[in-house]
Amino acid sequence: MAQPPVAPTSLPHGRNAFLALLASLAAILAMLFAKSFLPEYIVFANDGPLGANSAAAGRMPEAMLGVWADLNWVGNEGVASAPNVSNLLTGLLGPVGLAKVIVPLSLLLLGCAAWLFFRQCGFTPWVCTVSGIAAALNGDRFSVAAWGLSMWVMGTAAVFLALAALLAAARRGSLPLTLLAGFATGLAVMEGFDTGAIFSLIIAGFALFHAWTQNSQPGRQWAIRGLGRLTLIAGCAIFIAAYTLINLLNTQIKGVVGMTQDKDTRERRYAEATTWSLPKIETLRVLIPGLYGYRMNTQDGDAYWGTVGQNPMMTQLQEAAARGDAQARAMLSNPSVHRYSGSGEYAGVLVVLLAAWSIAQALRNQGAFNDTERKLVWFWTVTALGSLLLAFGKYAPFYKLFYSLPYASTIRNPVKFMHPFHLALIILCGYGLQALARQFIRPAAASSKPLADQVKDWWATVTGFERRWTIGMGLLTAVGFVGLLLYSSARNELEKHLREVAFSEDMAKAIASFSIGEVGLFVLFLTLSVAVLVVAFSGYWSGRVRWAGVTMGMLIAVDLARANAPWVVYWNYRDKYASNPIIEFLKQAPHAGRVQAVPFQLGQQFSVFQQLYGLEWTQHLFPYNNIQTLDIIQEPRQTTENQAYRAALMGNSGTLTRLWELTNTRFIFGLNDSNFLNGIAAQLDSGRRRFRIHTPFDIVSKPGVTTPTRMDEVTVITNGPGQLALIEFTGALPRTKLFTSWLATTNDSEALSLLTNTAFNPHETVIISAPLAPAAAAQGTNTGEVKFTNYSPKRLRLEATATAPSVLLLNDKHSPNWRVTVDGQPATLLRCNYLMRGVQVPAGKHEIEFRYEPSITGLYITTVAIVIALFLLGVVLFTRQADEASPVAKSTAPPPTK
């Protein structure tokens, strides 16, 4: 019988193993994201799509000085872009370049950071390489990146770097490395926001626990050392993340509905805050990637059908539907009421088995680990278990305890705790691989026996733990096969359930087939993984170390790559963002008037347009072309003043025209029908006939599309019959206007009451929320002109000619961070009509400038911290240490037992 090829017996140098990781990940990611090499294709992004990244409001580097989101509602403050890796890449690559490469690039950096961490753990280089592949292709991190949140992946990379720096600092006794661990922790917060904050808790726990494991006499000494280290880490993290933390506090917590920390507010918000919880049964997705599908809004069998993101009102809707409520039944027919998810939880079969192997070894007195490593495995096991229990959210009692902690209620989604769960699982996988390397895959002389004979002879002699473990894996494989048969036999029940949760009959069949097929693939990879572990246990790879790394690395890579492939979606951005006559008109002077679609059901054709408008125009074409809409595209945290204003003006259709009037909403979308115009004039505008058809249009397929199946495959034309129309509302206030008549009040309730009073004429009088002296001019003498001389989201220049002392109203949202000058001299910023901005101007011709200038003290602090961090990194990299010992610690683990 031919002898198998024998690989070199010597361990590769760490640098070679790192290069192997780079080459492997580059090849895998290049295959998965091959379309990025084509000029017209970009990677899909739900969060941070090309349109949003192209908008002037977020353009780098100006966005680092503050963000004023002017395209939705009447404007709002955004989180300023911190000088982190993601934002620097945004400025360097531009929107299109970023959309092409940020997903694979972030995953590549994650794999490299994980490699450095495992190397500092003292693991052999090939173990670090295989573990780096498992980290880079982890389904949770991959799907998050493919969803448009690559910055979260960058944050996870920073976490690995922080952990690596902590281990290196403990081994070398290096203060600079401890400080760098803190800076890396802060970088994780800068990239991941609340997910970074969650990870920072894990890093803090690890720092304390690791200090305890390093002290042979636990007591006051380790506590002082651990707390001192923790103080340094926390201080450096806050130092470098200062700008991000200040911005998050000012824009996402202060003045935001539900962010107060009193008990009643937290309890009222609990249902909303736990919407994205992981049902316990869906933990199976860690082992079976497509069991519950992948994405929403797909016509293929991989549509997600679980219950993550289920509407908190589901029980009430179901009860109402059972009573015959037609509206409740209509809502239940919408899949997004039942679920809304965009992330995967697959870790890989072999990864999970190796993690389990590490836990089993840590529980043995004569296992593969020394005392310190055994304790660290316990730490990561508890971290994984605790994170999983918290991720269950509303489906278990544990998150309620966490939610009661101060400011824990500001974290919206319990499922985010799956991120530290996967971090811990990847680390446990690395420990499992290292255990295999120490016990069974040694750089000794290779056996001359063929593989089959080696396994057979090993099985004839093996006893004890390894034999029981192997039998257990065999039983697990058998259970997998039985489970596949049972699940296949329950296909009819599965299809029935799918039809009951808002899927058509055809979709139900396709989803059932796909889900059963995913279970079949799980059984296949379980069988292969068990076989690989059996080969490792047999000792066949001793002397063939490189083959062990290649085999296990390839199995993990193939498994994770095929499982992650459905997350990779591409857009032809030239087709998707192709303009049309309506867009071309609206983008000519977007600050001259906002636009909105009427919120009514007006027949099938308008229903199709509402989908086009909501999915494609407001989320993509409008920001891409800087078109301003009154619609609220995404606002997870509503400010208190917005809530009050909307409650007063959006509560019923009777105040809808007043809302359009006050917010400079000049254009609405509706039907090209005189009866429709007369109807809305009579019902919404007291018959004042302030609506007129501006441009009729029709919905048609885009060129080259015969039968459109998605909203981005249709467009509009203006040379057809024109069933739909862009309608001008002539009653809207101009964006800016001079008033010689005003009412002053410091009572916000009174101001809102006046604004909704039909007797109040907002074209004649403006309401000032300040103790301003009454107007000297006679009522109703609003004369004067004002025009824009320059417009950008954060800087507006106006030229006003006032015939008398006036108040200039600017129909954009007020914020104390806006500054205003009149003829170059600072003036007092007024809050007008409850929500808008304004300023007093004297009679005559004047130059007025509004500038958005939030404090950037935090940016200075962060910049100083970055400079210090780079200096410390230089010290660590280029200063020769007194101790030049290899980072690979000598193993003190006992020999394997049979």
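Rules used in this analysis
- Residues numbered from 1 in each chain as written.
- Predicted model: local features only at pLDDT ≥ 70, side-chain atom pairs only at ≥ 80, totals over all residues.
- Heavy atoms only, no water.
- Helix = DSSP H or I, 4+ residues; strand = E, 2+ residues; numbered from the N terminus.
- Rg over C-alpha atoms; globule rule 2.2 N^0.38 Å.
- Buried < 20%, exposed > 50% of the residue type's maximum accessible area, 1.4 Å probe, protein only.
- Contact = heavy atoms within 4.5 Å.
- Areas by Shrake-Rupley, 256 points an atom, 1.4 Å probe, with all protein chains shown as cover.
- Lys, Arg positive; Asp, Glu negative; His and termini not counted.
- Charge placed at Lys NZ, Arg CZ, Asp CG, Glu CD.
- Core = buried A, V, L, I, M, F, W, Y, C linked by side-chain atoms within 4.5 Å.
- Phe/Tyr/Trp six-rings, centres within 6.5 Å; stacked < 30°, edge-to-face > 60°.
- Lys NZ or Arg CZ within 6 Å of the ring centre and 35° of its normal.
- Polar contact = N/O pair within 3.5 Å; in protein donor to acceptor, adjacent residues only side chain to side chain.

**Student:** Give me the overall build of the protein: which residues, what numbers.
**Tutor:** Of regular secondary structure, the protein possesses 31 helices and 20 strands. Taking 2.2 N^0.38 as the reference for a compact globule, 898 residues should give roughly 29 Å; the C-alpha atoms of the protein span a radius of gyration of 31 Å, in line with that estimate. In terms of overall dimensions, the protein has C-alpha extents of about 105 × 65 × 50 Å along its principal axes. The buried share of the protein, taken over its 898 residues, is 55%. Taking the contacts inside the protein whose residues are at least 6 apart along the sequence as the reference set, 78% of them involve residues at least 24 apart. Surface summary for the protein: the accessible area is close to 37,200 Å², and the carbon and sulfur share equals 60%. Here the protein contributes 71 positive and 55 negative side-chain charges, whose respective centroids are spaced 9 Å apart.

**Student:** If you had to explain the nonpolar core to someone new, which residues and values would you point to?
**Tutor:** Of all hydrophobic cores here, the largest spans 156 residues; its most connected members are Phe 33, Trp 126, Phe 160, Trp 380, Leu 436, Ile 441 and Met 552. Broken down by element, the residue count for this core peaks at 17 residues, all from helix H22 (residues 505-537). Among the nonpolar cores identified, the runner-up in size contains 74 residues, and Phe 667, Val 714, Ile 727 and Leu 752 belong to it.

**Student:** A description of the packing of aromatic side chains should follow, citing residues and the corresponding values.
**Tutor:** Summed over the entire model, instances satisfying the criterion amount to 54 aromatic pairs. Taking 5.2 Å as the distance between ring centres and 65 degrees as the angle between the ring planes, the aromatic pair formed by Phe 117 and Phe 118 counts as edge-to-face. Using a relative accessible area of 0% as the deciding quantity, one classes Phe 118 as buried. Here Tyr 294 and Trp 567 contribute two aromatic rings whose centre-to-centre distance is 5.2 Å and whose plane-to-plane angle is 70 degrees, an arrangement assigned as edge-to-face. With Tyr 294 in the loop between helix H11 (263-273) and helix H12 (314-322) and Trp 567 in the loop between helix H23 (545-564) and strand S4 (570-572), the pair connects residues that are 273 residues apart, well separated along the chain. Comparing Tyr 294 with Trp 567 shows no difference in burial state: the two are buried. What links up through ring pairs into an aromatic cluster is the set Trp 357, Phe 440, Trp 458, Trp 459, Phe 465, Trp 469 and Phe 537. The residue whose ring lies beneath Lys 35 is Tyr 41, and the NZ or CZ to ring-centre distance is 4.6 Å.

**Student:** Tell me about the environment of Ile 240, and name the residues and values.
**Tutor:** The residue Ile 240 is located in helix H9 (residues 220-240) in this model. Taking relative accessible area as the criterion, Ile 240 reaches 7% and is therefore assigned buried. Leave out the neighbours within four places in its chain, and Ile 240 touches Phe 183, Gly 186, Leu 187, Met 190, Thr 862, Ala 865 and Ile 866.

**Student:** Describe the side chain of Glu 713, listing the residues and the values that go with them.
**Tutor:** By the element assignment, Glu 713 lies in the loop between strand S7 (691-701) and strand S8 (714-717). For Glu 713, the side chain forms a polar contact with the main-chain nitrogen of Thr 709, separated by 2.7 Å. Those residues within four positions of Glu 713 in sequence are excluded, and the remaining contacts are Ser 701, Lys 702, Val 705, Thr 707 and Pro 708.

**Student:** Describe unusual backbone geometry, listing the residues and the values that go with them.
**Tutor:** Geometrically, the link from Met 60 to Pro 61 is a cis peptide bond, its omega value of 0 degrees lying close to zero. Inspection of the secondary structure puts Pro 61 in the loop between helix H2 (50-54) and strand S2 (67-69).

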